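In case you want the letters, here they are:
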Amino acid sequence: MNNRHYWKILVLLIALTLPMTNGILRRCYQCRSRGELGSCKDPFKYNSTAVEMEHGLTHVPCASGWCGKVIEGIDGADDFDQATQRMCVQRGPSDSEDRCANTIYNHKKVFMCFCQGDLCNSGPRMQNSWLTTVAATTFALIIMSLR
């Protein structure tokens, strides 16, 4: 294979790894559960197709593109005092950075997370960005061309 074929493969891989939903439609999970009851709590074990079969759990279009997760209550306290809520938020942080922090929400101390992206408020997870994929693919092509 010559270098021209490597570049064609690279362009194809970039095109396949770009997120298709980033520009048009962003959705957020929407739910609320208290203690060990309900499906909203962490760890969150649902994906976009499983949502349709779970009572009290939906994904909604989000015009702002910013999703949120709020955990109220204290770790180790009575289960009834803890609640988890996932929702679309009207606007994200002023610096447009995803983050989690302790804050005051509806006059209560809570742990709140903001994220931007389709169904991003499912919980902590590792996500490969398209830039990481491109970098790894480029590195692999360079190594292959040295052979």
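For the structure, check the block above.
Residues numbered from 1 in each chain as written. Predicted model: local features only at pLDDT ≥ 70, side-chain atom pairs only at ≥ 80, totals over all residues. Heavy atoms only, no water.

This next bit is on the state of the cysteines. Here the structure, examined in full by the defined rule, presents five disulfides. Here cysteine 31 engages in a disulfide with cysteine 40; their sulfurs sit 2.1 Å apart. Its torsion about the S-S bond being 70°, the disulfide of cysteine 31 and cysteine 40 is classed as right-handed. Just as cysteine 31 is buried, cysteine 40 falls in that class too. The residue that forms a disulfide with cysteine 100 is cysteine 113, at a sulfur-sulfur distance of 2.0 Å. What sets the handedness of the cysteine 100 and cysteine 113 disulfide is the S-S torsion sign, and at about 115° it is right-handed. Here cysteine 100 is found in strand E5 (residues 99-105), whereas its partner cysteine 113 is found in strand E6 (residues 108-116), with 13 residues between them in sequence. Since its relative accessible area comes to 11%, cysteine 113 is described here as buried. Cysteine pairing in the chain follows 1-5, 2-3, 4-6, 7-8, 9-10, where each cysteine in a disulfide is numbered by its order in the sequence. (Disulfide = S-S within 2.5 Å. Buried < 20%, exposed > 50% of the residue type's maximum accessible area, 1.4 Å probe, protein only. Helix = DSSP H or I, 4+ residues; strand = E, 2+ residues; numbered from the N terminus.)

Of the consecutive residues aspartate 42 and proline 43, the connecting peptide bond is found in the cis state with omega at -5°. Mapped onto the elements of the fold, proline 43 is located in the loop between strand E1 (27-34) and strand E2 (58-61). Even without glycine at this site, serine 96 takes up a positive phi of about 55°. Here serine 96 shows up in the loop between strand E4 (83-89) and E5. A relative accessible area of 46% places serine 96 in the partly exposed class. A positive phi angle, close to 50°, is found at asparagine 106, a residue other than glycine. Locating asparagine 106 in the fold gives a position in the loop between E5 and E6.

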